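Structural overview
Each chain is listed here by its residues.
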Amino acid sequence: MTEPTEPTEPTHDEAHGGALGARLNWLRAAVLGANDGIVSTAGLVVGVAGATDSRSALLTAGLAGLLAGSMSMAAGEYVSVSTQRDSEMAALALERRELREQPEAELRELTDMLQERGLSRDVAREAAEQLTARDALRAHARVELGIDPDELTNPWHAAWASFLAFTVGALLPLLAIVLPPPGWRLGVTVLSVLAALVLTGWSSARLGAARPGRAVLRNAGGGALAMAVTYAAGSLLGAAGV
């Protein structure tokens, strides 16, 4: 006869709720930033390759595109996230003032929101009172505003993440166009870029819980079109002696 075993507590190592959502947003932003670096730099260097086979010209154009693109991405992300952070702080300041000036109205508001989420009126009221007693501002920030006061968006983190993601993506076409011998440069670059776009398209689709097939085709097709257009333009300019 076997002895009964005691139930064990389940263990969970995965992130939940807002932490998981924030992590997925960061991963998606990194993938998209790398994708931008791949496409824009590939279009630039392939266009220059259509006009000249000078390694120094290709390296100069690629580095210029990498630096300009990464700095632009970082600056844009910093401005965007700074605006978001300012809005979050303003919303928290308003909520803090309302809690100080009209606590009963705010308690009723929190009760109503909890009731809208499926709780009975009595349970919602009790939950609202307990949350308010523990930390009223945090309770209203999370339930009413969808903001975690302890995890406000950081514009510097976003800027550096965009800078690094774009730089990593841009390095692929840059190295692919300058390292191989002249006769191999274009083919190696095109194949490397398409392979990378397939990977970023698949990754972005999986992070968004979407089917990867269409995302991969859109991503690779868009990159191929960009390289074809810039190569044709470079070839025409090179033929015209510009």
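Above: the structure in question.
Please read all numbers here as calculations on a predicted model, not as lab measurements.

A word on the nonpolar core. Of all hydrophobic cores here, the largest spans 17 residues; its most connected members are Ile38, Leu58, Ile177, Val178, Val193 and Met227. The set of elements that each furnish at least two residues to this core consists of helix 1 (17-51), helix 2 (55-101), helix 5 (155-178) and helix 6 (182-207). Residues Leu107, Leu110, Ala124 and Ala139 belong to the second largest nonpolar core, which totals 8 residues.

Below, the discussion takes up the packing of aromatic side chains. Any two aromatic rings considered together are summarised by their centre-to-centre distance and by the angle between their planes. Scanning the entire structure with this criterion turns up 2 aromatic pairs. With a centroid separation of 4.8 Å and an interplanar angle of 55°, the aromatic rings of Tyr78 and Trp156 are classed as tilted. Taken together, the positions of Tyr78 in helix 2 and Trp156 in helix 5 put the pair 78 residues apart, joining distant regions of the chain. Assessed through its relative accessible area of 54%, Trp156 is described here as exposed. When the centroid spacing of 5.8 Å and the interplanar angle of 80° are considered together, the rings of Trp160 and Phe163 count as edge-to-face. Remark: Phe163 and Trp160 occur in helix 5; sequence separation between them is 3 residues, near one turn of the helix. For Trp160, a relative accessible area of 51% corresponds to the exposed category.

Nonpolar side chains collect at one region of the surface, where Tyr78, Val79, Trp156, Trp160 and Leu164 lie side by side and expose about 570 Å² of accessible area between them. Elements represented by at least two residues in the nonpolar patch include exactly helix 2 and helix 5. At 3 residues, the largest contribution of residues to the nonpolar patch is made by helix 5. Topologically, Val79 is positioned in helix 2.

Rules of the game
- Residues numbered from 1 in each chain as written.
- Predicted model: local features only at pLDDT ≥ 70, side-chain atom pairs only at ≥ 80, totals over all residues.
- Heavy atoms only, no water.
- Core = buried A, V, L, I, M, F, W, Y, C linked by side-chain atoms within 4.5 Å.
- Buried < 20%, exposed > 50% of the residue type's maximum accessible area, 1.4 Å probe, protein only.
- Helix = DSSP H or I, 4+ residues; strand = E, 2+ residues; numbered from the N terminus.
- Phe/Tyr/Trp six-rings, centres within 6.5 Å; stacked < 30°, edge-to-face > 60°.
- Patch = residues over 30% accessible without salt bridge, like charges linked within 9 Å, V, L, I, M, F, W, Y side chains within 5 Å.
- Areas by Shrake-Rupley, 256 points an atom, 1.4 Å probe, with all protein chains shown as cover.
- Salt bridge = Lys/Arg side-chain N within 4 Å of Asp/Glu carboxyl O.

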